[in-house]
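# Tertiary structure, described
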Amino acid sequence: PFSIEWIPLTLHLQSSVFSFSFVYIAASNIMRLTPDERRLAAKMSNDGLSNAKIAATLKKTPSTISSFLNRYKRTGNIENAWGKGRSRTFTKRCDRKLKRLYESNPHASLRQLMNLYNEENEDSISLATVKRRLKEFGAEKRPLTKKVVIGEQNVVHRRKWVKSRINWTVERDWGKYIFSDKCGIYIEKAPKSSEKRKKGTEGKKEIPYLFLASRRKQIGCVFWGCITYNGTAALTPVSRNMKGEKYVELLKTHLEPVLDVQFPDNDATIVDGNHPCQSDWGAEGLGAENQRLRRIEWPPQSPDLNIMENTWTIVKSELRSSSVKIENRRQLIEEVTRIWESISQSRIRGLYDSIPERLREVRRMKGRMTKY
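In this report, the structure presented in the accompanying data block is examined. Keep in mind it's a predicted model, so treat the numbers as computed, not measured.

## A short note on the pairing of strand S6 (residues 231–238)
Pairing geometry for strand S5 (residues 219–228) and S6, over six bridges, is antiparallel. Within S6, the residue paired with Val-222 across the bridge is Val-238. Connecting S5 to the antiparallel partner S6 that follows it, the hairpin turn spans two residues.

## Things to note about helix H11 (residues 307–321)
For H11, built from 15 residues, the straight-helix expectation of 21 Å at 1.5 Å per residue is met to within 8% by its first-to-last C-alpha distance of 22 Å. Restricting attention to buried positions, one finds in H11 the residues Ile-307, Met-308, Thr-311, Trp-312, Ile-314, Val-315, Lys-316 and Leu-319. In this structure Asn-306 caps H11, since a side-chain oxygen of it lies 3.0 Å from the backbone nitrogen of Met-308.

## Overview of unusual backbone geometry
With a phi angle near 60 degrees, Lys-59 is a residue other than glycine that sits in the positive phi range. Inspection of the secondary structure puts Lys-59 in the loop between helix H2 (51–58) and helix H3 (62–75). Given a relative accessible area of 69%, Lys-59 falls into the exposed group. In this model, Lys-366 sits at a positive phi of 60 degrees, which is unusual for a non-glycine residue. Examined against the element boundaries, Lys-366 turns out to sit in the segment after helix H14 (355–364).

## Overview of a positive patch on the surface
There is a patch of like positive charges on the surface, built from Lys-92, Arg-93, Arg-96 and Arg-100. Considering the arrangement of structural elements, one finds Arg-96 in helix H4 (residues 92–104). For Arg-96, a relative accessible area of 48% corresponds to the partly exposed category.

## So, the packing of aromatic side chains
In total, this model carries 11 aromatic pairs according to the counting rule given. Taking the centre distance of 5.0 Å and the plane angle of 50 degrees together, the rings of Trp-174 and Tyr-177 count as tilted. On the accessibility criterion, Trp-174 (0% relative accessible area) is buried. On the basis of relative accessibility, which here comes to 9%, the residue Tyr-177 falls in the buried class. Between the aromatic rings of Tyr-229 and Tyr-352, the centroid separation amounts to 5.5 Å while the plane-to-plane angle is 85 degrees, which identifies the pairing as edge-to-face. Of the two residues, Tyr-229 sits in the loop between S5 and S6 while Tyr-352 sits in helix H13 (residues 345–353), which places them 123 residues apart along the sequence. Positioned over the ring face of Phe-137 is Lys-99, at 5.8 Å from the centre of the ring.

## A short note on the pattern of salt bridges
Summed over the entire model, instances satisfying the criterion amount to 15 salt bridges. The closest approach of N and O atoms between Asp-304 and Arg-158, which form a salt bridge, is 3.0 Å. With a gap of 146 residues between them, Asp-304 in the loop between strand S8 (293–295) and H11 and Arg-158 in helix H7 (residues 152–163) connect regions that are remote in the sequence. Each member of the pair, Asp-304 as well as Arg-158, is classed as buried. Residue Glu-335 pairs with Arg-338 through a salt bridge whose shortest N-O separation is 2.5 Å. Linking Glu-335 with Arg-338, this pair stays in helix H12 (residues 329–342), spanning three residues, or about one helical turn.

Conventions used here
- Residues numbered from 1 in each chain as written.
- Predicted model: local features only at pLDDT ≥ 70, side-chain atom pairs only at ≥ 80, totals over all residues.
- Heavy atoms only, no water.
- Pairing = 2+ DSSP bridges.
- Helix = DSSP H or I, 4+ residues; strand = E, 2+ residues; numbered from the N terminus.
- Expected span 1.5 Å × (residues − 1).
- Buried < 20%, exposed > 50% of the residue type's maximum accessible area, 1.4 Å probe, protein only.
- Polar contact = N/O pair within 3.5 Å; in protein donor to acceptor, adjacent residues only side chain to side chain.
- Patch = residues over 30% accessible without salt bridge, like charges linked within 9 Å, V, L, I, M, F, W, Y side chains within 5 Å.
- Areas by Shrake-Rupley, 256 points an atom, 1.4 Å probe, with all protein chains shown as cover.
- Salt bridge = Lys/Arg side-chain N within 4 Å of Asp/Glu carboxyl O.
- Lys, Arg positive; Asp, Glu negative; His and termini not counted.
- Charge placed at Lys NZ, Arg CZ, Asp CG, Glu CD.
- Phe/Tyr/Trp six-rings, centres within 6.5 Å; stacked < 30°, edge-to-face > 60°.
- Lys NZ or Arg CZ within 6 Å of the ring centre and 35° of its normal.

Shown next, in the form of structure tokens:
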């Protein structure tokens, strides 16, 4: 919106005088209407004033008043009408092509989908277009997970192991198993450069970020724990590099009380995750001395069958959502212990009840990794 004003100028050059007119273009609000001016123009129009009188009163051009009043009579709204923008070049047919690519490649990244589409079509699309279209399709954003590849020998071993136990039940068999494992839990606070708060969040407690083993850890501890069909049992902090003798001593200290209370008939079997410090404990440890505990040979590369992995996931999830401020290792141990003791019996039994279905899923996947 500009107004054009003719300004007479006089230029003196030697003895001659040249007079001419120069076109001067200046920014002006003569063609703009403020919200108050729009309301006033609408009121005066409703009172029966002509467009010329309204333009003279508001000191605007008649075309500006006429354009506004025509829109006001058509829409009944005094607000400015926004343009619809350029026409969409990505047609519905292109939408269907991209949707088929997404459905046939559900684990592909945005860039991979963009490259696949551009290879098959002449009209190339950008990364932002792929992101917008996937959002319209209802696709959810999710972190990229690392695919676990199981070796061929372990695939054969898993299939044989599952086949020999496919008919086991929780009441008769799996309910007598003790699942144990160790896990490192580390907490690292967000760096100061990334500590940005929204307005109104001042004074709220800082929730620490939870990580797996990391060189940048500030507070961390390795825990050993075990669960039975009756719920969570022992939990204790241990050394990160625990040797076989230390593991035998740990079983005597923390597992024997569990056996005395829950397995008085000495019919328990332990699942220990095939760690090096746990693989040779039976020859000199608790099992050989007292004959109270048996150890099962667990198939390698089988975290989807070990429900202890799901138990640690529960602990980490609860710790991540906890509002307790943890500043040292002792506070971390106390908070993890509290979360461990708060896990309900029904939740643990639900994991035990899922074991037969896990075995059937491994058989259906022919020994490959399952969704568990």
